[in-house]
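Tertiary structure, described
Next come the chains, spelled out residue by residue.
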Amino acid sequence: MSVRIAPSILSCDFGNLQRDFELINESQADWFHVDIMDGVFVPNISFGFPVMEALQKTAKKPLDVHLMIQNPDAYIQHFAALGTEVLTVHYEACTHLHRTIQAIQQAGMKAGVALNPHTPVALIENVIESLDLVLVMSVNPGFGGQKFIEQAVEKVRQCRQLIDRINSKALIEVDGGVNLDTGKRLVDAGADVLVAGSFVFGSESPTQTIAALKQL
Ligand code: DX5
Ligand code: ZN
């Protein structure tokens, strides 16, 4: 199966959101990647439910929501009601991660866990069996357009080994600094889903850039 591409709407033109959502609909992208930041877990605030509602009305592809917030448990039902397909929480934000994963799945969504660059893959060994997705952060979360952290490639490899060993169905997604060069190395290391924000929307033709990433 070819790599899935999830353009991050954080890099859309917020004065022309509808246009950019339609662009993703008409492109070869697989998912919409939706970055929710609370200004507490990460040093930035992105957008919240009103943007999600607008997206839900327009999106013809699954919504892949990345919560960079403290206390994600409080919002699981909200995101389920807004048509989220995959809901990803941060390992570092969840004291009772196993319970949070169960709550996401009981709400009818797929459950993902994101790992900050400093968080070892080994820490999710005891939840990987029930996970639907692991999100390897290849930048420190909070902003688009940052430099790729090389260590992420090795983390993807470790993740692939862990998933194969446990025979988990979890997909490996990578987020931050993805372009054709880093993307290729991540796919070779075992990544299933690539998030790309500034590389797609900062390019002359986002549609063609998505198509090029899809070929990796
Ligand atoms: C960063 C976000 C990313 C961001 C990626 O905290 O999680 O999804 O939009 O942006 P680029 O692709 O520009 O690094
Ligand atoms: Zn993200």
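The structure we're discussing is the one just above.
Residues numbered from 1 in each chain as written. Chains lettered and ligands numbered in written order. Predicted model: local features only at pLDDT ≥ 70, side-chain atom pairs only at ≥ 80, totals over all residues. Heavy atoms only, no water.

This brings us to the site of ligand 1. In the vicinity of ligand 1 lie 20 residues, with Asp-35, Gly-142, Gly-145, Asp-175 and Ser-198 positioned nearest. Residue Asp-35 places a side-chain N or O atom 2.7 Å away from an oxygen atom belonging to ligand 1. Burial of ligand 1 by the protein amounts to 100% of the accessible area it has alone, namely 380 Å². Per-element accounting of the shell around ligand 1 gives the leading share, three residues, to strand β2 (residues 32-37). Partitioning the shell around ligand 1 into residue classes produces eight nonpolar, ten polar and two charged. (Near = heavy atom within 4 Å. Polar contact = N/O pair within 3.5 Å; in protein donor to acceptor, adjacent residues only side chain to side chain. Areas by Shrake-Rupley, 256 points an atom, 1.4 Å probe, with all protein chains shown as cover. Helix = DSSP H or I, 4+ residues; strand = E, 2+ residues; numbered from the N terminus. Nonpolar A, V, L, I, M, F, W, Y, C, P; charged D, E, K, R; others polar.)

Each regular strand carries side chains that alternate between the two faces of the sheet. With five of five residues buried, strand β6 (residues 133-137) lies mostly within the body of the structure. The alternating pattern of β6 places Leu-133, Leu-135 and Met-137 on one face and Val-134 and Val-136 on the opposite face, and all of these are buried. The pairing of strand β5 (residues 110-115) with β6 spans four bridges and is parallel. Across the sheet, residue Gly-112 finds its bridge partner in β6, namely Leu-133. In terms of strand pairing, β6 meets strand β7 (residues 171-175) through five bridges, oriented parallel. Considered in β7, the bridge of Met-137 is made with Asp-175. Following the chain from β6 across helix α5 (residues 151-166) to the adjacent parallel β7, one finds a crossover that is right-handed. (Buried < 20%, exposed > 50% of the residue type's maximum accessible area, 1.4 Å probe, protein only. Pairing = 2+ DSSP bridges. Right-handed = clockwise from strand over helix to strand, strands pointing away.)

Take the coordination of the zinc ion (ligand 2) next. Around the zinc ion (ligand 2), the protein contributes the donor atoms His-33 (NE2), Asp-35 (OD), His-66 (ND1) and Asp-175 (OD), which lie 2.0 to 2.3 Å from the metal centre. Because the angles between the six donor atoms bound to the zinc ion (ligand 2) fall within 70 to 169°, the donor set is best described as octahedral. For the zinc ion (ligand 2), all donor residues lie on one chain, and their spacing in sequence is H-x1-D-x30-H-x108-D. Here His-33, found in strand β2, pairs with His-66, found in strand β3 (residues 63-68); they are 33 residues apart in sequence, far enough to count as distant. (Donors = N, O, S within 2.8 Å, 3.2 Å for Na, K, Ca; no water. Tetrahedral: all angles 85-135°; square planar, octahedral: opposite > 155°, others 65-115°.)

Mapped onto the secondary structure, Asn-16 falls in the loop between β1 (4-7) and α1 (17-26). A polar contact of 2.8 Å, which involves the side chain of Asn-16, links it to the side chain of Asp-13.

This part takes up the pattern of salt bridges. When charged atoms on two side chains of opposite charge get close, those side chains can pair. Inspection of the entire model under this criterion finds 13 salt bridges. With a closest N to O distance of 3.9 Å, Asp-132 and Lys-169 form a salt bridge. With Asp-132 in the loop between β5 and β6 and Lys-169 in the loop between α5 and β7, the pair connects residues that are 37 residues apart, well separated along the chain. For Lys-169, a relative accessible area of 51% corresponds to the exposed category. Shared partners join several salt bridges into a network, and the residues in it are Asp-13, Arg-19 and Asp-20. (Salt bridge = Lys/Arg side-chain N within 4 Å of Asp/Glu carboxyl O.)

Moving on to the packing of aromatic side chains. Each aromatic ring pair is specified by the distance between its two centres and by the angle formed by the two planes. Counted according to the given criterion, the structure contains four aromatic pairs. The rings of Phe-49, Tyr-75 and Phe-79 are connected pair by pair, giving a single aromatic cluster. (Phe/Tyr/Trp six-rings, centres within 6.5 Å; stacked < 30°, edge-to-face > 60°.)

In β1, alternate side chains face the same way, and those of Arg-4 and Ala-6 on one face and Ile-5 and Pro-7 on the other are all buried. As defined by bridge partners, β1 adjoins strand β8 (residues 193-196) across four bridges and the pair is classed as parallel. The residue of β8 that forms the bridge with Ile-5 is Leu-194.

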